[in-house]
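Commentary on secondary and tertiary structure
One-letter residues, chain by chain:
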Amino acid sequence: MSRFSARDITSAALFAALAVVAAMLVRFASAIVPFSLLPFVAMLAGGLLGARLGALSMIVYILLGLAGVPVFAKPPFAGPAYILQPTFGFLLGFVAQAYITGILLKNREQSGFIRYFFSMLAGVAVLYLIGLPYLYVILNFYLGQNVSVAQVIAIGFTPVIALDLVKAAVASVLAKAVYRRLHAVELEENLS
């Protein structure tokens, strides 16, 4: 494994901080799975930082919360007990979401909007493939609620998927534009 440069560490820390801000914006939502900008941040992390650093930024965010820093969106806001929250699977999903998005955008120089968008969609799919089963397990086996798969989909997928598709489109446009601008600046610096 290669070492991280100062730029890598700063970039990962920046996206971990953006994840904290995104979580703070939904602190007072009442739904089990509220509207959140965290999927948007995870998509951007993967799209701009790549698979390794994008996933690392989401891991740093999760570790901050598990260590006791109150960065999560729902009570108890922090601590190792947060693992037993129904939505913790979505937090794990953000790591995979950033990683998959980054992997699929490995050759960003040749990527157009369609490739960015489908990479973001794949990240969203992975998020739900991890988050929804975790939600089902915690609700049924830890909290003792008799919740069906259809109810889990109604709680954790149906109300937010349309917004996540919009987030994927916006993240695609933004990641593509920012990456091209940063790449242009790097080329200018190398030519100077």
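Residues numbered from 1 in each chain as written. Predicted model: local features only at pLDDT ≥ 70, side-chain atom pairs only at ≥ 80, totals over all residues. Heavy atoms only, no water.

Helix and strand content of the protein: seven helices and zero strands. When the helices and strands of the protein are read in sequence order from the N terminus, they spell out α-α-α-α-α-α-α. The C-alpha atoms of the protein give 17 Å as radius of gyration, which agrees with the globular expectation for 192 residues (16 Å, within 12%). With the C-alpha coordinates of the protein rotated into their principal frame, the extents come out at 65 × 35 × 30 Å. (Helix = DSSP H or I, 4+ residues; strand = E, 2+ residues; numbered from the N terminus. Rg over C-alpha atoms; globule rule 2.2 N^0.38 Å.)

As a further point, take the nonpolar core. Formed by 49 residues in total, the largest nonpolar core has its most connected members in Leu38, Met58, Tyr61, Leu91 and Met120. Mapped onto this core, the elements with two or more residues apiece are α1 (6-24), α2 (38-49), α3 (51-66), α4 (88-104), α5 (113-142) and α7 (161-191). (Core = buried A, V, L, I, M, F, W, Y, C linked by side-chain atoms within 4.5 Å. Buried < 20%, exposed > 50% of the residue type's maximum accessible area, 1.4 Å probe, protein only.)

The full count for this structure, using the stated rule, is nine aromatic pairs. Ring centres 5.6 Å apart and planes at 90 degrees place the aromatic pair Tyr61 and Phe72 in the edge-to-face group. Within this pair, whereas Tyr61 is found in helix α3, its partner Phe72 is found in the loop between α3 and α4, the two being separated by 11 residues in sequence. Across this residue pair, the class does not change: Tyr61 and Phe72 are buried. The interplanar angle of 80 degrees and the centroid separation of 5.0 Å between the aromatic rings of Tyr128 and Phe157 together place this pair among those described as edge-to-face. Highlighted residues: Tyr128 in helix α5 and Phe157 in the loop between α6 (149-156) and α7, separated in sequence by 29 residues. Judged by its relative accessible area of 28%, Phe157 falls in the partly exposed class. Each residue in the set Tyr61, Phe72, Tyr82, Phe88 and Tyr134 is aromatic and connected to the rest through ring pairs, giving one cluster. (Phe/Tyr/Trp six-rings, centres within 6.5 Å; stacked < 30°, edge-to-face > 60°.)

With respect to the secondary-structure elements, Ser119 resides in helix α5. Among the residues examined, Ser119 registers a relative accessible area of 3% and is labelled buried. Those residues in contact with Ser119, other than ones at most four positions away along the chain, are Thr101, Leu104 and Leu105. (Contact = heavy atoms within 4.5 Å.)

Across the interface, α2 lies against α4 with an axial gap of 7 Å and an inter-helix angle of 35 degrees. Considering the relative orientation of α2 and α4, their crossing is right-handed. Each of Leu38, Pro39, Ala42, Met43, Ala45, Gly46 and Gly47 in α2 lies in contact with α4, whose residues at this interface are Leu91, Phe94, Gln97, Ala98, Thr101 and Gly102. A per-class count over the contact of α2 with α4 returns eight nonpolar, five polar and no charged. (Axes fitted to C-alpha atoms, helices over the stretch in contact; angles between N-to-C directions. Left-handed = near helix turned anticlockwise from the far one by under 90°. Nonpolar A, V, L, I, M, F, W, Y, C, P; charged D, E, K, R; others polar.)

Where α4 contacts α5, the two axes come as close as 7 Å, and the packing angle between them is 155 degrees. As judged from the angle between their axes, α4 and α5 are roughly antiparallel. Along this stretch, α4 crosses α5, giving a crossing that reads as right-handed. Residues that form the contact of α4 with α5 fall into these classes: 17 nonpolar, seven polar and one charged. (Parallel < 35°, antiparallel > 145°, perpendicular 65-115°, else oblique.)

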